[in-house]
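Reading the structure
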Amino acid sequence: MRQKDIVSQHIGSMLCRSDISVTDMLGIQSQFLRYSKWVAKVRGIDMDAEPERFFRAWTLRGTMHIHEFCDYDLYMHEGNRSPYMKEYWDDHSVVPHAIKRQAEDRMLRLIEAGVTKRKDIVRSFQESGASKETMDYLFNAWGGLPRILMERGEIIQTVSDDLSYAFAPKVSVMTVEQAELEQMKLYLENYAPCSISDATYFFRYTRSKAKRLMEQCVSASSGMLIWNDGVVYRDTEVVYDSKATNAIFVLPGFDPLLVGYEKKENGMIPAEHLRNVYNLQGIIKPVILHKGQCIATWTVRKNTIYIKPFQANNKATYKRAEEKIRELTQCDECRYE
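All values derive from a computational prediction rather than experimental measurement.

Side note on empty space enclosed by the protein
- This model, assessed by the stated rule, comprises one cavity of 30 Å³ or more.
- For the largest cavity, the calculated volume is near 50 Å³.
- If you go around the largest cavity, the residues you meet are Met25, Leu26, Gly27, Ile28, Gln29, His65, Tyr191, Phe202, Phe254, Asp255, Pro256 and Val259.
- For the lining of the largest cavity, the secondary-structure elements that each account for two or more residues are strand 1 (28–29) and helix 13 (256–259).

Have a look at this one:
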C-alpha cells in the first residue's frame, strides 16, 4: 500500500468514524486536560457532558492518560506499577516512611469525607502543620502521594477542570499478560495499518516484545488482521470518502494520530518540520492537517490562538483552519507567527 493510502486509512479510522470511542483510541494522553478534551471533541465526544464515564491515571507511555471507566481493569492491571512507586517509597531523604503512611491515611479519610478537590486536600495538609518541604514532596509535579494511591488502585483522578479525586472502582483487574495482549489487539484493530516501529513507539515496548504481541493478535484474529511486508493491516480496509481525508482537520497536542505512529515514519509529518511538531522536550504540538499533511502548528495562550504556518501561500486554507480552531477552543482572537 502506498504511503498516501496508509495516511488516508489512518485519518479515516481515527478521525472520520462516527462511532469512535475513547476505548478505541486506547485512551487519550493528557498532560494538558483541555487538549485531551479537544482531542475527544473533534471526534464528537463531549467529556464534560458525562465526566463520570472517565478517569485519569498514569497508564501508558509513562504519562497521564484519560480512559473510560469501563476499561479500568485493562489499564490498571496487575503489572501497572511504574518505577516511580519504588523510588517514592525508597526515598527517605525528605519524608520518612511512617509520615508517608500517615499522609496516605489522611488523604483517603479526606476523600471519604467529601474533600475531593486537590486544592482543598493540600490546604487541609497545610493547616495540619505540614512543612513546605513535606508538602513539596507529597504533592510534587511527578505525582507524589496521589500518584501512589492511584497506582495502588485506591483512588482515581477525575476529568473535572478543578482537579479532584474519587475512590477507584472495586473490580478484579487483568493480569499483565492479558492486559498487554488486549491493548495490542485494540491498537491493531483501530490504528492499523501499523508497523512494528509504530507499535514500539506507541507502547514504548522493545521491538521483540511488540512483534511477539502483534503476532499473537494476528494469529488469533481469524484472518481479520494480516501481515504484509512487516505491517499489520485489517483484512478489509474501509474506503473513506476522499473529501473527508482531503479536508482540513485541527488536531490538538498529543492527538492519537500524532502519538499512534512512529514520528519519523508518520506520513503526515513533512520531514523538514518534524521538530516543529515533536520538540526535544517531549511535547507533541497541535497541528493543522490538510490533504493528509501537517501544514502548521497552533497553540492557545491566554485565550488567543497562535498559528505558525509551514507554507506562505495557503491563506485561504489557514483561514478555514482558524475558524475550526475558534469553534473548538471558543477563543476569539487569532494571530499568526
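This is not the end of the story, as more comes after the structure.
Quick notes on helix 1 (residues 3–15)
- Here helix 1 spans 18 Å end to end across 13 residues, near enough to the 18 Å set by a 1.5 Å rise per residue.
- Listed in full, the buried residues belonging to helix 1 are Ile6, Val7, Gln9, His10, Ile11, Gly12, Ser13, Met14 and Leu15.

Details of the pairing of strand 11 (residues 293–301)
- The buried count for strand 11 comes to seven of nine residues, which makes it a mostly enclosed element.
- Sheet topology places strand 10 (residues 287–290) next to strand 11; four bridges connect them, and they run antiparallel. Residue pairing in the sheet places His290 in a bridge with Gln293 of strand 11.
- Taking the residues that link successive antiparallel strands as the turn, the strand 10-strand 11 hairpin has two residues, and the phi of Lys291 there is positive, at about 55 degrees.
- Bridge count for strand 11 against strand 12 (residues 304–309) is six bridges, and the pairing is antiparallel. Looking across to strand 12, one finds that Arg301 is bridged to Thr304.

Observations regarding the sheet that holds strand 13 (residues 333–336)
- Across the sheet, which stays open at both edges, the five strands sit in the order 9-10-11-12-13 with mixed pairing between neighbours. Every other strand in the sheet has two partners, leaving strand 9 (248–251) and strand 13 as the edge strands with one partner each. Taking the axes of each pair of neighbouring strands and ignoring which way they run, one obtains an average angle of 25 degrees across the sheet.
- Most of the contacts of helix 15 (residues 315–329) go to strand 9, to which it runs at about 45 degrees, and overall it touches strand 9, strand 10, strand 11, strand 12 and strand 13.

A few points about the pattern of salt bridges
- The tally for this structure, following the rule as stated, stands at 23 salt bridges.
- One salt bridge connects Asp136 with Lys132, and the closest N-O pair in it is separated by 2.8 Å. Of this pair, Asp136 and Lys132 both sit in helix 7 (residues 132–138), four residues apart, which is roughly one turn of that helix.
- With a relative accessible area of 41%, Asp136 lands in the partly exposed category.
- A cluster of three or more residues bridged by salt bridges with shared partners is formed by Lys319, Glu322, Glu323 and Arg326.

A short note on the pairing of strand 8 (residues 231–234)
- Alternating residues of strand 8 divide into Val231 and Tyr233 and Val232 and Arg234, and every residue in both groups is buried.
- Relative to strand 8, strand 6 (residues 194–195) runs antiparallel, the two sharing two bridges. Following the sheet pairing, Cys194 is matched in strand 8 by Val232.
- In terms of strand pairing, strand 7 (residues 225–228) meets strand 8 through four bridges, oriented antiparallel. Across the sheet, Leu225 pairs through a bridge with Arg234, a residue of strand 8.
- Hairpin geometry of strand 7 and strand 8 is characterised by an intervening segment of two residues between the two adjacent antiparallel strands and by a positive phi of about 55 degrees at Asp229.

Quick notes on the sheet that holds strand 7
- The three strands are arranged 6-8-7 in an open sheet whose pairing can be described as antiparallel. Here the strands that pair on one side only, and so sit at the sheet edges, are strand 6 and strand 7.

Notes on the packing of aromatic side chains
- Counted by the stated rule, this structure contains 15 aromatic pairs.
- Summarising the aromatic geometry, the rings of Phe32 and Phe254 are spaced 6.4 Å apart at their centres and angled 45 degrees between planes, so their arrangement reads as tilted. On the criterion of sequence distance, the pair formed by Phe32 in the loop between strand 1 and helix 2 (33–41) and Phe254 in the loop between strand 9 and helix 13 is long-range, its members being 222 residues apart.
- Geometrically, the ring pair formed by Phe125 and Phe139 is edge-to-face, given 5.3 Å between the ring centres and 80 degrees between the ring planes. Of this pair, Phe125 sits in helix 6 (residues 118–127) while Phe139 sits in the loop between helix 7 and helix 8 (144–151); the two residues are 14 residues apart in sequence, bridging distant segments of the chain.
- Feature note: the residues Tyr187, Tyr191, Phe202, Phe203, Tyr205 and Tyr261 constitute an aromatic cluster, connected by ring pairs.
- Here Arg61 stacks its cationic end above the ring of Tyr201, 4.9 Å away from the centre of that ring.
- The ring of Tyr306 has Arg301 sitting right over it, with the charged end atom 3.9 Å from the ring centre.

A closer look at unusual backbone geometry
- Each neighbour pair has its own omega, and for Ala192 with Pro193 the value is 5 degrees, a cis peptide bond.
- Relative to the helices and strands, Pro193 is located in the loop between helix 9 (176–191) and strand 6.
- Of note, the phi angle at Lys302 is positive, near 50 degrees, even though the residue is not glycine.
- Position of Lys302 among the secondary structure elements: in the loop between strand 11 and strand 12.
- Lys302 gets classed as exposed once you look at its relative accessible area, which sits at 85%.
- The residue Asn303 is not glycine, and still its phi comes out positive at about 65 degrees.

Cut-offs applied
- Residues numbered from 1 in each chain as written.
- Predicted model: local features only at pLDDT ≥ 70, side-chain atom pairs only at ≥ 80, totals over all residues.
- Heavy atoms only, no water.
- 1 Å grid on protein atoms, 1.4 Å probe; cavity = no way out; pocket = protein on both sides within 12 Å on 5 of 7 lines; lining within 4 Å.
- Points joined across faces, edges and corners; volume = space filled by probe spheres on them.
- Helix = DSSP H or I, 4+ residues; strand = E, 2+ residues; numbered from the N terminus.
- Expected span 1.5 Å × (residues − 1).
- Buried < 20%, exposed > 50% of the residue type's maximum accessible area, 1.4 Å probe, protein only.
- Pairing = 2+ DSSP bridges.
- Axes fitted to C-alpha atoms, helices over the stretch in contact; angles between N-to-C directions.
- Contact = heavy atoms within 4.5 Å.
- Salt bridge = Lys/Arg side-chain N within 4 Å of Asp/Glu carboxyl O.
- Phe/Tyr/Trp six-rings, centres within 6.5 Å; stacked < 30°, edge-to-face > 60°.
- Lys NZ or Arg CZ within 6 Å of the ring centre and 35° of its normal.

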